[in-house]
Amino acid sequence: MRKPCIAANWKMNKTAAETGAFLNEFVPLVKNVKDVDIVVAPPFTSLYAAAAIVSNTNVGLAAQNIFYEEKGAYTGEIAPSMLTAAGCSYVIIGHSERRQYFKESDETLNKKTKIARKHNLQVIFCIGESLEERESGRMFDVLKREIEEGLKEVEAAGIIVAYEPIWAIGTGKTATTEQAQEAHRYIRERLAALYGPAQADEIRILYGGSVTPDNIDALMKCADVDGALVGGASLKADSFSKIVIFNR
Ligand code: 13P
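Residues numbered from 1 in each chain as written. Predicted model: local features only at pLDDT ≥ 70, side-chain atom pairs only at ≥ 80, totals over all residues. Heavy atoms only, no water.

A. How the structure looks around the environment of alanine 200. Within the secondary structure layout, alanine 200 lies in helix α9 (residues 197–200). If near-sequence neighbours (up to four positions away) are discounted, alanine 200 is found in contact with Arg188, Leu191 and Ala192. (Helix = DSSP H or I, 4+ residues; strand = E, 2+ residues; numbered from the N terminus. Contact = heavy atoms within 4.5 Å.)

Rendered as structure tokens:
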């Protein structure tokens, strides 16, 4: 049985003070939720402030990025040990914004995933097709490549996959439940080819792209949707708590 995971990706939003204000409101709202892994991913500069509030609660902490070396002359990058020291137990890798704006390749993302797992960080590994890829019939090829290249030589344990169709991110255009289930089913088949069906059955596949309190219930009813990666609607404690407390 897969335990749902619902994660907030704040992207480039919230100072440390704003992070503190959010979490002081949010943590009490979800304190009784035991059947969902709740995760927040603030910017790097807010991680220590966040950890001070969420440590010893049911809210886990994620970084939004990581670098693939242990330390050294990599100006502007953040090492895995810095994330674990700051209280992170998760990291988001391969978000479409990283792939698109920062040209992160499958190979780079594979290196990041490997070092994150070496440091025992749970990886929320993001994949997803653009509208053009979907409309030209290449969606399944893109998802297959992103999984096979990104998770090459990586064990199944500690991997969470997030399916985020790029056309649904920040657009208010959520995938229909049929579209989400079709993609998630396919992703699980690819994971089964990589890891075998038993391990693939354990991997959580989150949906991301315009998730709100209004559409979370329907998405969570899909057989292969095991949670959500939420952008815009995770920036307010009230709306993110409603997503976490979806209708079971
Ligand atoms: P939105 O929920 O704002 O569409 O963002 C989704 C996302 O990219 C989460 O990583």
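B. Fine view of the nonpolar core. Counting 68 residues, the largest nonpolar core has Phe26, Leu191 and Phe240 as its most contacted members. For this core, the element with the highest residue contribution is helix α8 (residues 177–195), accounting for six residues. Ignoring anything within four residues of it in the chain, the contact list for leucine 191 reads Ile147, Leu151, Val161, Gly196, Ala200, Ile203 and Ile205. One finds Cys5, Val39, Ala62 and Leu206 within the second-largest nonpolar core, a separate group that totals 13 residues. (Core = buried A, V, L, I, M, F, W, Y, C linked by side-chain atoms within 4.5 Å. Buried < 20%, exposed > 50% of the residue type's maximum accessible area, 1.4 Å probe, protein only.)

C. How the structure looks around the site of the ligand. By nearness alone, every residue bordering the ligand is listed as Asn9, Lys11, His95, Glu164, Ala168, Ile169, Gly170, Gly209, Ser210, Leu229, Gly231 and Gly232. Between the ligand and the protein, one listed contact pairs an oxygen atom with a side-chain N or O atom of asparagine 9 at 3.0 Å. Within the side chain of lysine 11, one N or O atom sits 2.8 Å away from an oxygen atom of the ligand. Burial of the ligand by the protein chains amounts to 95% of its free accessible area of 310 Å². Of the residues that constitute the shell around the ligand, the class distribution is three nonpolar, seven polar and two charged. (Near = heavy atom within 4 Å. Polar contact = N/O pair within 3.5 Å; in protein donor to acceptor, adjacent residues only side chain to side chain. Areas by Shrake-Rupley, 256 points an atom, 1.4 Å probe, with all protein chains shown as cover. Nonpolar A, V, L, I, M, F, W, Y, C, P; charged D, E, K, R; others polar.)

D. Here's a closer look at α8. A rise of 1.5 Å per residue sets the reference length of α8, with its 19 residues, at 27 Å; its end C-alpha atoms lie 26 Å apart and thus fit the reference within 8%. For α8, the complete set of buried residues consists of Ala180, Gln181, Ala183, His184, Tyr186, Ile187, Arg188, Arg190, Leu191 and Tyr195. Where α8 is buried, its residues touch β5 (122–127), α7 (139–150), β6 (159–163), α9, β7 (204–208) and α10 (216–220). Among the residues trailing α8, glycine 196 stands out with phi positive, at a value near 90°. (Expected span 1.5 Å × (residues − 1).)

E. Spatial organisation of the sheet that holds strand β2 (residues 37–41). Spatially, the eight strands close up into a barrel ordered β1-β2-β3-β4-β5-β6-β7-β8, and their pairing is parallel. Averaged over all adjacent pairs, the angle separating strand axes in this sheet is 25°, with direction ignored. Of the pairings in the sheet, the one linking strand β4 (residues 90–93) to β5 comprises four bridges and is parallel in character. Within β5, the residue paired with valine 91 across the bridge is valine 123. (Pairing = 2+ DSSP bridges. Axes fitted to C-alpha atoms, helices over the stretch in contact; angles between N-to-C directions.)

F. Molecular detail of the pattern of salt bridges. This model, assessed by the stated rule, comprises 23 salt bridges. Taking the shortest distance from any N to any O, the salt bridge between glutamate 129 and arginine 134 comes out at 2.8 Å. When sorted by exposure, glutamate 129 lands in the same class as arginine 134, which is buried. The salt bridge involving arginine 188 is made with aspartate 226; its shortest N-O contact spans 2.8 Å. Taken together, the positions of arginine 188 in helix α8 and aspartate 226 in the loop between α10 and β8 (227–230) put the pair 38 residues apart, joining distant regions of the chain. The network of salt bridges with common partners includes Arg2, Arg185, Arg188, Glu189, Asp201, Asp224 and Asp226. (Salt bridge = Lys/Arg side-chain N within 4 Å of Asp/Glu carboxyl O.)

G. Up close: the pairing of strand β1 (residues 5–9). β1 sits mainly inside the fold: five of its five residues count as buried. Where β1 and β2 come together, five bridges link them in parallel fashion. The residue bridging asparagine 9 from the neighbouring strand is alanine 41, located in β2. Where the polypeptide runs from β1 across helix α1 (residues 16–29) and back to β2, its parallel neighbour, the crossover connection is right-handed. One ladder, built from four bridges, connects β1 with β8; its direction is parallel. The partner of alanine 7 across the bridge, within β8, is leucine 229. (Right-handed = clockwise from strand over helix to strand, strands pointing away.)

H. Seen up close, the environment of leucine 194. Relative to the assigned elements, leucine 194 resides in helix α8. The exposure class of leucine 194 is partly exposed, given its relative accessible area of 36%. Spatially, the C-alpha atoms of leucine 194 and aspartate 214 are 35 Å apart, while their sequence positions differ by 20 residues. Here leucine 194 is in contact with Ile147 and Leu151, once residues within four sequence places are set aside.

Read these as layout, nothing more, since geometry by itself doesn't imply function.
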